[in-house]
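# Results of the structural survey
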Amino acid sequence: MEIWPAIDIRGGQCVRLAQGDYSRETVYGAVPADMAELWADQGARHLHLVDLDGAKDGSNTNAAAVAEILRRVSIPCELGGGIRSEETIRAYLDMGVSRLVIGTLALKERAWFREMARKYPHRLVLGIDAKEGMAAVNGWLETSRVSAVELAQEFADLPLAALVYTDIATDGMMKGPNFKEMELMSRASSIPLVASGGVTRIGDVARLAELGIPACIIGRALYEKTIDLAEALKYEV
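Residues numbered from 1 in each chain as written. Predicted model: local features only at pLDDT ≥ 70, side-chain atom pairs only at ≥ 80, totals over all residues. Heavy atoms only, no water.

Further remarks concern the pairing of strand β4 (residues 47-51). With five of five residues buried, β4 lies mostly within the body of the structure. Neither face of β4 is left uncovered, since the one carrying Leu-47, Leu-49 and Asp-51 and the one carrying His-48 and Val-50 both have all their residues buried. Examined bridge by bridge, β4 and strand β5 (residues 77-80) share four bridges and lie parallel to one another. Within β5, the position partnered with Leu-47 by the bridge is Cys-77. (Buried < 20%, exposed > 50% of the residue type's maximum accessible area, 1.4 Å probe, protein only. Helix = DSSP H or I, 4+ residues; strand = E, 2+ residues; numbered from the N terminus. Pairing = 2+ DSSP bridges.)

Let us look at the pattern of salt bridges. Where charged atoms from two side chains of opposite charge approach closely, those side chains can pair. This model, assessed by the stated rule, comprises 15 salt bridges. For Glu-86, the salt bridge identified is with Lys-119, shortest N-O distance 2.6 Å. Remark: Lys-119 occurs in helix α6 (residues 110-119) and Glu-86 occurs in helix α4 (residues 86-95); sequence separation between them is 33 residues. Residues joined in a network through salt bridges with shared partners are Asp-34, Glu-37, Glu-68, Arg-71 and Arg-72. (Salt bridge = Lys/Arg side-chain N within 4 Å of Asp/Glu carboxyl O.)

In structure tokens:
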């Protein structure tokens, strides 16, 4: 199972939110690239980057911070947040981002997302963030009327790199993942699933591996040191 340490960027800093709430922010470092180097030095083989400002308003104000991360580490990085145009897709891929997570526009502009997925095969990731099983958009500020399972099944025919599924209720809460929803999502589509939200203890990683989940994102647990990255990396294939 692939382990993706998370680096969430807001206002140029490395932060974590609780349940996607922008008013419940914890700052873990002034320079996200320092954190990227730390995880890479500890053996991380991938990094999951999130532009929280971009997720909220579609801006790319943290592009410089992303570029600095790419300059300082050589491992593959995926990026989500604010990817809402082909121009932005091209800019980040040219910058060196390995793959891009698209959530809001996949739901709101389905035809466009299909076109981009086919134009950039295996470089795009479908990001599905859900509250009580329903897809959320715009940095989790809005909940749609489309279920996460329906959205995953709708795009199952596309040449996507992966599907990142985040259960908002558990994200950043340090209480464990929603295993039931993760298992349900893993069965909903043939697209490789990346589990996100609530991974708190090494036992959570082990349980996801037992369920056959191909990858998981670990965020706050690494920063709060409830999971040791070296222990988690033992589950990588």
